Amino acid sequence: MRFILFFLLLFTIACTAQNIDHLKVGAECTSSYYSLLRDKNIGLVVNQSSLVNNEHLVDVLLENNFSIECIFSPEHGFRGKADAGEKVNSSIDEQTGIPIVSLYGSNKKPKPDQLEGIDIVLFDLQDVGVRFYTYISTMHYVMEACADKNIPFIVLDRPNPNGDYFDGPVLESEYKSFVGMHPIPIVHGLTVGELAMMINGESWLSDSLTCDLSVIKMKGWNHSTKYKLPIKPSPNLPNYNSIRLYPSLCLFEPTQISIGRGTYSPFEIIGFPNSSIGDYTFTPQSIDGMSKYPKHENVECNGFDLRNSSNQSTFSLDYLLQFYRAYPDKSEFFTNKRFFNLLVGNSSLIQQLKEGKSELEIRASWQDDLSNYSKLRDKYLLYPKE
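Residues numbered from 1 in each chain as written. Predicted model: local features only at pLDDT ≥ 70, side-chain atom pairs only at ≥ 80, totals over all residues. Heavy atoms only, no water.

Student: Kindly report on the overall build of the protein, identifying the contributing residues and their values.
Tutor: Looking only at helices and strands, the protein has 11 helices and 14 strands in total. Taken over 386 residues, the protein has a buried fraction of 60%. Long-range contacts, defined here as pairs at least 24 residues apart, represent 75% of the contacts in the protein between residues at least 6 apart. Accessible surface, the protein as shown: approximately 15500 Å² in total, 45% of it carbon and sulfur. (Helix = DSSP H or I, 4+ residues; strand = E, 2+ residues; numbered from the N terminus. Buried < 20%, exposed > 50% of the residue type's maximum accessible area, 1.4 Å probe, protein only. Contact = heavy atoms within 4.5 Å. Areas by Shrake-Rupley, 256 points an atom, 1.4 Å probe, with all protein chains shown as cover.)

Structure follows, in structure tokens:
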């Protein structure tokens, strides 16, 4: 197969999950969407995670004589190798001749001419259920572009490996950005299909546009299913443990604290040079295809090894509070306060840290918003909670 040999090199996680023998992701439910694609020029929003029974969706569609007009790629690129925030250029796929349009950087929303000749758009990306994971922002912009041109938009749904709960502060509107576009908590507890329905149903597209949306549901999955992804969704989320820790540890990105970028265990180890807490040491180094310019490159860091952690399976402020309290110069703890506020979705958390609030006190400030969100979420669930 054209792409599969390359993608097999990226497989780092065993394809195991609760009820995996009965699970069929949306892309595998071909009888539910092939009829919608026949005789259409198709635009695809895909990357290395867009697999159908271990074969890439591009190959599957071409083998079944569908016409692919264009491939749109999200952050990290079509093959999922670009570092976080790295510019990815548009190009032509050498093996098929299909144009690849990057939807990252200055071109986050497809331009009208980039949708010219496209009759329908198919979205198939593996999300991790976290507000600042940018694949859902890409989905929002593609939905908006399709709504502008009256092009049907189909989501091939996939499991959310953090889909068993929701938690964290709900985004305040003034902190809307590409790392947070919707008034949802940090861990939103939705599949991409459910979130697409919420975006449409709550009129969150610009000018209250409504997209012609279809969601191809999974079979054999519910929100309590433990799902270990068969392939890395992005370069620095190598396994299930890192994905579960990601919502908590990503808040360290705009701080002096390293979360293991520049090692082979990103989002599983944490520390900083000359740290007074923890007994684990690591030295970030440039790793091609993962992290080219990691924080504290070639400098030994001291902190915690969370690779065998079993008590941080849901969103927590524990490590943020520990490292903030231990950092010697609080005025230098944050390297980019604005970006931290965008990740969190408010400016309150920084103030709460400065005031020495406990996690319980901080969490209390989210509860009304989370209660309202719980009711909103229930309206759009396509799968049982358990």
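Student: Break down the packing of aromatic side chains for me, with residues and values.
Tutor: This model, assessed by the stated rule, comprises 23 aromatic pairs. With a centroid separation of 4.8 Å and 65° between ring planes, the pair formed by Tyr133 and Tyr135 is classed as edge-to-face. Each member of the pair Tyr133 and Tyr135 is classed as buried. Ring centres of Tyr324 and Phe333 lie 5.2 Å apart, and the angle between their planes is 90°; on these two criteria the pair is classed as edge-to-face. Across this residue pair, the class does not change: Tyr324 and Phe333 are buried. Taken together through their ring pairs, the aromatic side chains of Phe252, Phe272, Phe304, Tyr319, Phe323, Tyr324, Tyr327, Phe333, Phe334 and Phe340 make up a single cluster. Stacked on the ring of Tyr324, the Lys or Arg Lys330 has its end atom at 5.8 Å from the ring centre. (Phe/Tyr/Trp six-rings, centres within 6.5 Å; stacked < 30°, edge-to-face > 60°. Lys NZ or Arg CZ within 6 Å of the ring centre and 35° of its normal.)

Student: Go over the confidence of the model for the protein, please, and point to the residues and values.
Tutor: Low pLDDT marks regions whose predicted coordinates should not be analysed in detail. In the predicted model, the protein carries a mean pLDDT of 90, and 90% of its residues have values of at least 70. Confidence drops under pLDDT 50 across residues 3-19; counting only partners more than four residues distant or on other chains, this segment forms 45 contacts. (pLDDT = per-residue confidence, 0-100.)

Student: Please provide a residue-by-residue account of the side chain of Asn160, values included.
Tutor: When you line up the elements, Asn160 lands in the loop between strand 8 (153-156) and strand 9 (167-170). Classification of Asn160 as buried rests on a relative accessible area of 2%. In terms of polar contacts, Asn160 uses its side chain to reach the backbone amide nitrogen of Asn162, at 2.7 Å. Look past the residues within four positions of Asn160 in its chain and what remains in contact with it is Val128, Gly129, His188, Gly189, Leu190, Thr191 and Trp221. (Polar contact = N/O pair within 3.5 Å; in protein donor to acceptor, adjacent residues only side chain to side chain.)

Student: Tell me about the nonpolar core, and name the residues and values.
Tutor: With 89 residues, the main nonpolar core has Met139, Phe153, Leu251 and Phe252 as its most contacted residues. Top contributing element to this core by residue count: helix 4 (residues 135-149), with 8 residues. Setting aside anything within four residues of it in sequence, one finds Phe153 in contact with Val121, Phe123, Met139, Val142, Met143, Cys146, Cys211, Asp212, Leu213 and Ser214. One finds Cys29, Leu37, Leu57 and Val58 within the second-largest nonpolar core, a separate group that totals 24 residues. (Core = buried A, V, L, I, M, F, W, Y, C linked by side-chain atoms within 4.5 Å.)

Student: How would you sum up the packing of helix 4 against helix 5 (residues 192-201)? Please name residues and give values.
Tutor: Contact geometry of helix 4 with helix 5 gives a least axis separation of 11 Å together with a crossing angle of 45°. Judged on the interaxial angle alone, helix 5 and helix 4 are oblique. Handedness of the crossing formed by helix 4 with helix 5: right-handed. Each of Ile136, Met139, His140 and Met143 in helix 4 lies in contact with helix 5, whose residues at this interface are Val192, Leu195, Ala196, Ile199 and Asn200. The residue inventory of the contact of helix 4 with helix 5, partitioned by class, reads 7 nonpolar, 2 polar and no charged. (Axes fitted to C-alpha atoms, helices over the stretch in contact; angles between N-to-C directions. Parallel < 35°, antiparallel > 145°, perpendicular 65-115°, else oblique. Left-handed = near helix turned anticlockwise from the far one by under 90°. Nonpolar A, V, L, I, M, F, W, Y, C, P; charged D, E, K, R; others polar.)

Student: How would you summarise the sheet that holds strand 6 (residues 99-102) if you had to cite specific residues and measurements?
Tutor: Backbone hydrogen bonds are what pair the strands of a sheet, in a parallel or an antiparallel way. The strand order across the open sheet formed by 7 strands is 5-6-4-1-7-8-11, and the pairing between neighbours is mixed. Taken across any chain shown, the strands that pair with only one partner, and hence form the sheet edges, are strand 5 (91-92) and strand 11 (213-216). Summarising the sheet, strand 8 and strand 11 pair through 4 bridges and their orientation is parallel. Of the residues in strand 11, the one forming a bridge with Ile154 is Ser214. In the packing of helix 5 onto the sheet, the strands contacted are strand 7 (120-124), strand 8 and strand 11, and the crossing angle to strand 11 comes to about 160°. (Pairing = 2+ DSSP bridges.)

Student: Tell me about the environment of Leu381, residues and numbers included.
Tutor: Within the secondary structure, Leu381 is located in the segment after helix 11 (367-380). Residues contacting Leu381, with those up to four places away along its chain left out, are Gly189, Leu190, Glu194 and His223.

Student: Please set out the sheet that holds strand 14 (residues 301-305) residue by residue, giving values where relevant.
Tutor: A sheet is described by the order of its strands in space; here 3 strands give the open sequence 12-14-13, paired in antiparallel fashion. The open sheet terminates on both sides in strands that have one partner only, identified here as strand 12 (269-272) and strand 13 (280-282). For this sheet, the mean angle separating the axes of adjacent strands, direction not counted, is 40°. Sheet analysis places strand 12 next to strand 14, joined by 4 bridges and oriented antiparallel. In the sheet register, Phe272 faces strand 14, and the bridge partner there is Asn302.

Student: Please provide a residue-by-residue account of the pairing of strand 14, values included.
Tutor: In the sheet, strand 13 pairs with strand 14 via 3 bridges, with the strands oriented antiparallel. Across the sheet, Phe282 pairs through a bridge with Cys301, a residue of strand 14.

Student: Before we move on, can you summarise a negative patch on the surface with the specific residues and values?
Tutor: Side chains of Glu172, Glu174, Asp368 and Asp369 sit close together on the surface and give a patch of like negative charge. Inspection of the secondary structure assignment puts Glu174 in the loop between strand 9 and strand 10 (185-187). Judged by relative accessible area, which is 55%, Glu174 ranks as exposed. (Patch = residues over 30% accessible without salt bridge, like charges linked within 9 Å, V, L, I, M, F, W, Y side chains within 5 Å. Salt bridge = Lys/Arg side-chain N within 4 Å of Asp/Glu carboxyl O. Lys, Arg positive; Asp, Glu negative; His and termini not counted. Charge placed at Lys NZ, Arg CZ, Asp CG, Glu CD.)

Student: Which residues make up helix 8 (residues 337-344), and what values go with them?
Tutor: For helix 8, the complete set of buried residues consists of Phe340, Asn341, Leu342, Leu343 and Val344. In the core, the buried residues of helix 8 are packed alongside strand 9, strand 10, helix 7 (318-326) and helix 9 (348-354). A side-chain oxygen of the first residue of helix 8 lies 3.3 Å from the backbone nitrogen of Arg338; this N-cap is Asn336. In the stretch just after helix 8, Gly345 is the one whose phi turns positive, near 95°.

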